[in-house]
Amino acid sequence: MAAADKIDDKDSLLKEAADALDLAQRREDAIKLAFGMVERGKIPAFESYGLFQEKVAMLLEKDLRVVEQALELDVDVPSMGKVASESRPTDLTAAFFHRLTED
């Protein structure tokens, strides 16, 4: 094996290791976010390990910093006039606006 091949192999192995570490860290962050969403009442508790895995996989497709910031920004806002109905929306965007108008 030539010296250049050894360097290429070493570089590719280092890149693979770095990618694996990045993925492991993202997965850990997604798990924390998933449980944070449950703790804050944004989603129901996971009924099964499979549902938990699905939520983590869905979060891994998102920008985790944005999701985390959205959870942090979700605070009780003083009443700005009650214009929303008493029923709870299921759409996330509608739920966000509904929450803004609650007491």
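In the block above lies the structure referred to throughout.
Criteria and cut-off values
Throughout, residues of each chain are indexed from 1 in the direction in which the sequence is written. Predicted model: local features are reported for residues with pLDDT of at least 70 only, side-chain atom pairs are reported and counted for 80 or more only, and whole-chain, interface and lining totals are derived from all residues. Excluded from the side-chain calculations are hydrogens and water; all other atoms, namely the structure's heavy atoms, are used. Here, nonpolar core means buried Ala, Val, Leu, Ile, Met, Phe, Trp, Tyr and Cys residues that are tied together by side-chain atoms lying within 4.5 Å of each other. Accessibility here uses a 1.4 Å probe with only protein chains present; expressed as a share of the type maximum, an area under 20% marks a residue as buried, one over 50% as exposed, and anything in between as partly exposed. Where helices and strands are cited, they refer to DSSP runs of H or I of at least four residues and of E of at least two residues respectively, numbered from the N terminus. In what follows, residue pairs with any heavy atoms lying within 4.5 Å of each other are defined as contacts. For Phe, Tyr and Trp, where Trp contributes only its six-membered ring, two rings pair if their centres lie within 6.5 Å, and the inter-plane angle classes them as stacked under 30 degrees, edge-to-face over 60, or tilted in between.

K.L.:
Mind laying out the nonpolar core, listing which residues take part and the relevant values?
P.N.:
Residues Ala30, Leu33, Ala34, Met37, Ile43, Phe52, Val56, Leu59, Leu64, Val67 and Leu71 constitute the largest nonpolar core, which totals eleven residues. If you list the elements that add at least two residues to this core, you get helix H1 (3–39), helix H2 (49–60) and helix H3 (64–73). In terms of residues, this core owes the most to one element, H1, which gives four residues. Those residues in contact with Phe52 that lie beyond four places of it in its chain are Ile31, Phe35 and Phe46.

K.L.:
Run through the packing of aromatic side chains, naming residues and quoting values.
P.N.:
Going through the model one piece at a time under the given rule, you end up with four aromatic pairs. Ring geometry for Phe35 and Phe52: centres 5.3 Å apart, planes at 40°, overall tilted. Pair noted here: Phe35 is in helix H1 and Phe52 is in helix H2, with a separation of 17 residues, a long-range link. Taking relative accessible area as the criterion, Phe52 reaches 10% and is therefore assigned buried. For the pair Phe46 and Phe52, a centre-to-centre distance of 5.3 Å together with 70° between the ring planes defines the contact as edge-to-face. Looking at Phe46, the relative accessible area reads 22%, which means it is partly exposed. Each residue in the set Phe35, Phe46, Tyr49 and Phe52 is aromatic and connected to the rest through ring pairs, giving one cluster.

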